[in-house]
Amino acid sequence: MEWIKTILAKHVKEDGTVDLDAANKEIDAEFSKNAVPKEKYNNVSNQLKQANSTLKDLQEKTKDNPDAQKLLQVERDAREKAEKALADMEVSIQAKDALTAAGAKDIEYAMFKLGDLEVDKDGKVKDLENKVKDLQKNMPDYFQSDEIDKQSQENNQNNDLDGFQRIDAKQGAGGASEANQAQAMIDAFMSDVPTPQAK
């Protein structure tokens, strides 16, 4: 997920290592804005499986019973509701990932401005990339600019050198181990995040 990489990039120290404590705190704070908790996703998924199973059982057992047909309709409605909730979560995850990658400053507001999103047969949001680009073009103040970010990083690097000029921008061996730790942290986190299932 791009939002984690963005946070880790913010917490790179002068020596090229990552301040893991500060990064972890910010990731914890931003998690609810950028991801669906695993329990919630699993809960909706289990409800859908249970509704489908119950629906099949009822269809087989009660073909000519009007009371059972009413109960069957209730189960169909529950299944449709669970499918809609799961689809909405998948759309939300895709849109939030795209907005985060584009540098949106306020994900929830950007989601609101995107409006209703349609899904294709593969479960992907239709034309999401173009919608995000249009939003960036129409509301540039709500997105981080790469040029501004690069300039501020260069200014910070130059200001942190106290008048000295950097000769070799390569980091020492310590930076590599911290980078591996940061990647290991991202990998461990991503292994717990559920991925949307195609219908």
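Residues numbered from 1 in each chain as written. Predicted model: local features only at pLDDT ≥ 70, side-chain atom pairs only at ≥ 80, totals over all residues. Heavy atoms only, no water.

## Regarding the overall build of the chain
Moving on, step 1. Counting secondary structure elements, the chain contains eight helices and zero strands.
Moving on, step 2. Taken from the N to the C terminus, the helices and strands of the chain come in the order α-α-α-α-α-α-α-α.
Moving on, step 3. Here the chain holds 199 residues, and the buried ones make up 30% of them.
Moving on, step 4. If you take every contact in the chain between residues at least 6 apart in sequence, the share linking residues at least 24 apart comes to 65%.
Moving on, step 5. Only carbon and sulfur atoms are counted for the fraction: they give 47% of the accessible area of the chain, which is about 13700 Å². (Helix = DSSP H or I, 4+ residues; strand = E, 2+ residues; numbered from the N terminus. Buried < 20%, exposed > 50% of the residue type's maximum accessible area, 1.4 Å probe, protein only. Contact = heavy atoms within 4.5 Å. Areas by Shrake-Rupley, 256 points an atom, 1.4 Å probe, with all protein chains shown as cover.)

## Considerations on the nonpolar core
Moving on, step 1. Within the largest apolar cluster, 16 residues are counted, with the highest numbers of intra-cluster contacts made by Leu99, Leu114, Leu117, Leu128 and Leu135.
Moving on, step 2. Only helix H4 (66–102), helix H5 (107–114) and helix H6 (128–138) provide two or more residues apiece to this core.
Moving on, step 3. Dropping the residues within four chain positions of it, Leu114 is found in contact with Ala95, Leu99, Leu128, Lys131, Val132 and Leu135.
Moving on, step 4. Counting nine residues, the second largest nonpolar core, distinct from the first, contains Trp3, Ile7, Ile27 and Ala182. (Core = buried A, V, L, I, M, F, W, Y, C linked by side-chain atoms within 4.5 Å.)

## Remarks on the confidence of the model for the chain
Moving on, step 1. Looking at the chain, the pLDDT average stands at 75 and 75% of residues meet or exceed 70.
Moving on, step 2. Taken element by element, the chain is modelled with least confidence in helix H7 (residues 146–159), mean pLDDT 53, and with most confidence in H6, mean pLDDT 88.
Moving on, step 3. Counting contacts from residues 172–176, a segment whose pLDDT is below 50, to residues more than four positions away or on other chains yields three contacts. (pLDDT = per-residue confidence, 0-100.)

## Details of the pattern of salt bridges
Moving on, step 1. Scanning the entire structure with this criterion turns up five salt bridges.
Moving on, step 2. With its nearest N and O atoms 3.2 Å apart, the salt bridge here joins Lys84 to Asp88. Highlighted residues: Lys84 and Asp88, both in helix H4, separated by four residues, approximately one helical turn.
Moving on, step 3. Residue Asp88 is classed as partly exposed on the basis of its relative accessible area, which comes to 40%.
Moving on, step 4. Across the pair Glu118 and Lys126 runs a salt bridge, and its minimum N-O distance is 3.7 Å. (Salt bridge = Lys/Arg side-chain N within 4 Å of Asp/Glu carboxyl O.)

## Here we look at the side chain of Thr17
Moving on, step 1. Note on placement: Thr17 falls in the loop between helix H1 (2–10) and helix H2 (20–34).
Moving on, step 2. Looking at Thr17, its side chain comes within polar contact range of the side chain of Asp15, at 2.7 Å. (Polar contact = N/O pair within 3.5 Å; in protein donor to acceptor, adjacent residues only side chain to side chain.)

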